[in-house]
Amino acid sequence: MKTIFAITFILLLPVGCWSQADLSHVPQINETKEQRDERMQWFRDAKFGLFIHWGPSSVTHTEISWGRDAKRPMDIHNGESPSEQVERYGHDFYIPADLYDNLYKYFNPVKFDADRWVKTARDAGMQYIVFTAKHHDGFSNYHTGLSDYSIANTPFKRDIVKELTDACHKVGMKVGLYYSTRDWYHPAYLVGDNEVYDAFYRGQVQELLTNYGEVDVIWFDHVGGRDWSKWKFDELFAMMYEHNPNLIVNNRGARFCGPSTPEDKGPASPEIEKMTQGDFVTPEGRIGKMDLAQDWESCIHVGKGWSYRGEGGFKTSEECIKMLVSCTTGGGNLLLNFGPRPDGTFTDAETEVAMAMGQWLKTYGDAIYGTRGGPYSNGQWGGSCHKGNKLYLHVFEWPADGLALGALPAKVLSARTLTDKKVNVSQDDEGLTVKLESSDQDTPVTVVELTLDQTFAPGTLVEKRP
Ligand code: FHN
């Protein structure tokens, strides 16, 4: 199939081609703290989401996009192809681009059932789903009018984004769409960030925000090309908020942009730089550093890679529960990634993780959802979070002489574990000492609920005990 890319005529916002788009309704620029808190509320309360990376690469178990062996733009690995980097990156599994680019002809996930995916996410206690509408390989998992390299031209034909967003809307599950501006398939992108590609990708983002009902998150994933002046980020963000004023956007819409040669230009204005920082930062493959002032979300895959890489090498449910606790007590979210099989089903291992986490959250969900991180710094020991006048201590490791924590600006009225075991808490000006019989400690985490005589302001941090 010769790929046809439609010339994109974007609905131009009422601006001249020489001036900045009207950013007056772009929230990152002008909303008050109260407006921002309201817009971010559901995300901060949700704590736990499902990331799904899926596409024709699953047919060969190779990593989505990265398994495609072809030269890449200079912004990645000096423009080399995977096979040219073997000595540096090892023999990761990759296939020649002309084979990779034809996998769509064999992509026929006949067992795909969006309602089943959403049920699994809900059973896991997940509050939102972020799905790859287009990854770096340029394949669109939706019926785009701007390219024929899409699900419409596979044996499956059906619009996966439509079925998944409909299934989410049906049950009130928040839904995000992942969109990679970086595109290793689009000819215009490969010759350097230029006007043609910029219009194409903004047109696709507009399709995603126009044709699939309420989209709650746009999850960008980097853009190559260093010269800000080649990208119309102002028109992108202005268009996005025209469609959804409450949209939440991550911090990767313009990541990796930035002068690296004398000709490259930086952001056109401080407003545009601030706007493209989006609403939350995205530590990847690790637990984010505790931060109660900046919204953040760790994205971590359960399997060996982001997309389906076969039936082995998965994280355990205990590891995933501890990751959720560490994100929550650090003030962030966990976006846990599944890579569905080529037939459209989740792997048994990821389904088991989902069921185990859902079971755990049935007992401990009150100490996760709707809480805010702190006031104690989290770490190896565990961490804390609070909601109303309840302070939750999530303890991974119990020191023999009890857990010694800093002085609280509140009085502890009572203490128990969420499995109703008695907890011994002593409080003085120095702080708290919390003791629990080892036979009463839970795995992978013990959650102690302290009832206080007052609430904490979000962002309160208590110094470590002297
Ligand atoms: O290259 C991608 C990768 O495949 C995956 O999509 C992750 C998810 O955060 N983002 C990029 C790596 O930073």
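Just so we're clear, the structure is a prediction, and the values are computed from it rather than from any experiment.

Trainee: A description of unusual backbone geometry should follow, citing residues and the corresponding values.
Mentor: A cis amide bond links G374 to the next residue, P375, at an omega of 10°. Here the bond from T443 into P444 is cis, since omega is -5°, no more than 30 degrees from zero. Inspection of the secondary structure puts P444 in the loop between β16 (431–435) and β17 (446–452). Despite not being glycine, D420 has its phi angle at roughly 60°, a positive value. D420 gets classed as exposed once you look at its relative accessible area, which sits at 59%.

Trainee: Give me the pattern of salt bridges: which residues, what numbers.
Mentor: Taken as a whole, this structure holds 28 salt bridges when the rule is applied. A salt bridge links R44 to D37, with the nearest nitrogen and oxygen atoms 2.8 Å apart. Across the pair R202 and E235 runs a salt bridge, and its minimum N-O distance is 3.3 Å. Of this pair, R202 sits in helix α8 (residues 195–210) while E235 sits in helix α9 (residues 233–243), placing them 33 residues apart in sequence. Exposure class is identical for R202 and E235. Each is buried.

Trainee: How would you summarise the site of the ligand if you had to cite specific residues and measurements?
Mentor: Taken together, the neighbourhood of the ligand is formed by 13 residues, with H53, W66, H136, D221 and E284 sitting nearest. At 2.6 Å, a side-chain N or O of D221 approaches a nitrogen atom of the ligand. At a separation of 3.3 Å, an oxygen atom of the ligand approaches a polar side-chain atom of R252. In isolation the ligand has 330 Å² of accessible area, and contact with the protein removes 91% of it. Its residues assigned to classes, the shell around the ligand comprises six nonpolar, four polar and three charged.

Trainee: Please provide a residue-by-residue account of the sheet that holds strand β4 (residues 128–134), values included.
Mentor: In space, the seven strands of this open sheet follow the order β7-β6-β5-β4-β1-β9-β8, with parallel pairing throughout. Lying at the two open borders of the sheet, with one neighbouring strand each, are β7 (248–249) and β8 (297–301). Bridge analysis of strand β5 (residues 174–179) against strand β6 (residues 217–220) gives four bridges, and the strand direction is parallel. Within β6, the residue paired with G176 across the bridge is V217. Here helix α6 (residues 160–171) sits on the sheet and contacts β4 and β5; the angle it forms with β4, its principal contact strand, is near 165°.

Trainee: Before we move on, can you summarise the packing of helix α11 (residues 317–329) against helix α12 (residues 348–364) with the specific residues and values?
Mentor: Where α11 contacts α12, the axes come no closer than 9 Å and their chain directions differ by 50°. When the axes of α11 and α12 are compared, the pair comes out oblique. Our pair here, α11 against α12, has a crossing hand that is right-handed. Of the residues in α12, those in contact with S317, C320, I321, L324 and V325 of α11 are V353, A356, M357, W360 and L361.

Trainee: Tell me about the domain arrangement of the chain, residues and numbers included.
Mentor: Here the domain parsing of the chain yields domain 1 (14–367) and domain 2 (372–452). With 20 residues of domain 1 at the contact, the number on the domain 2 side is 19 residues. For the domain 1 and domain 2 pair, buried surface summed over both sides reaches about 1600 Å², with 64% attributable to carbon and sulfur atoms. The three residues of domain 1 that bury the most area against domain 2 are T329, Y364 and A367, which together make up 33% of that side's buried surface.

Trainee: Give me the lowdown on empty space enclosed by the protein, citing residues and values where you can.
Mentor: Per the counting criterion, the structure on display carries two cavities of 30 Å³ or more. Taken together, the residues of the lining of the largest cavity sort by class into two nonpolar, seven polar and three charged. If you add up the space inside the second largest cavity, you get close to 40 Å³. When the residues that make up the lining of the second largest cavity are grouped by side-chain class, the tally is four nonpolar, four polar and two charged.

What counts and how
- Residues numbered from 1 in each chain as written.
- Predicted model: local features only at pLDDT ≥ 70, side-chain atom pairs only at ≥ 80, totals over all residues.
- Heavy atoms only, no water.
- Helix = DSSP H or I, 4+ residues; strand = E, 2+ residues; numbered from the N terminus.
- Buried < 20%, exposed > 50% of the residue type's maximum accessible area, 1.4 Å probe, protein only.
- Salt bridge = Lys/Arg side-chain N within 4 Å of Asp/Glu carboxyl O.
- Near = heavy atom within 4 Å.
- Polar contact = N/O pair within 3.5 Å; in protein donor to acceptor, adjacent residues only side chain to side chain.
- Areas by Shrake-Rupley, 256 points an atom, 1.4 Å probe, with all protein chains shown as cover.
- Nonpolar A, V, L, I, M, F, W, Y, C, P; charged D, E, K, R; others polar.
- Pairing = 2+ DSSP bridges.
- Contact = heavy atoms within 4.5 Å.
- Axes fitted to C-alpha atoms, helices over the stretch in contact; angles between N-to-C directions.
- Parallel < 35°, antiparallel > 145°, perpendicular 65-115°, else oblique.
- Left-handed = near helix turned anticlockwise from the far one by under 90°.
- Domains from an automatic or database assignment.
- Buried area = accessible area lost by both parts, 1.4 Å probe.
- 1 Å grid on protein atoms, 1.4 Å probe; cavity = no way out; pocket = protein on both sides within 12 Å on 5 of 7 lines; lining within 4 Å.
- Points joined across faces, edges and corners; volume = space filled by probe spheres on them.

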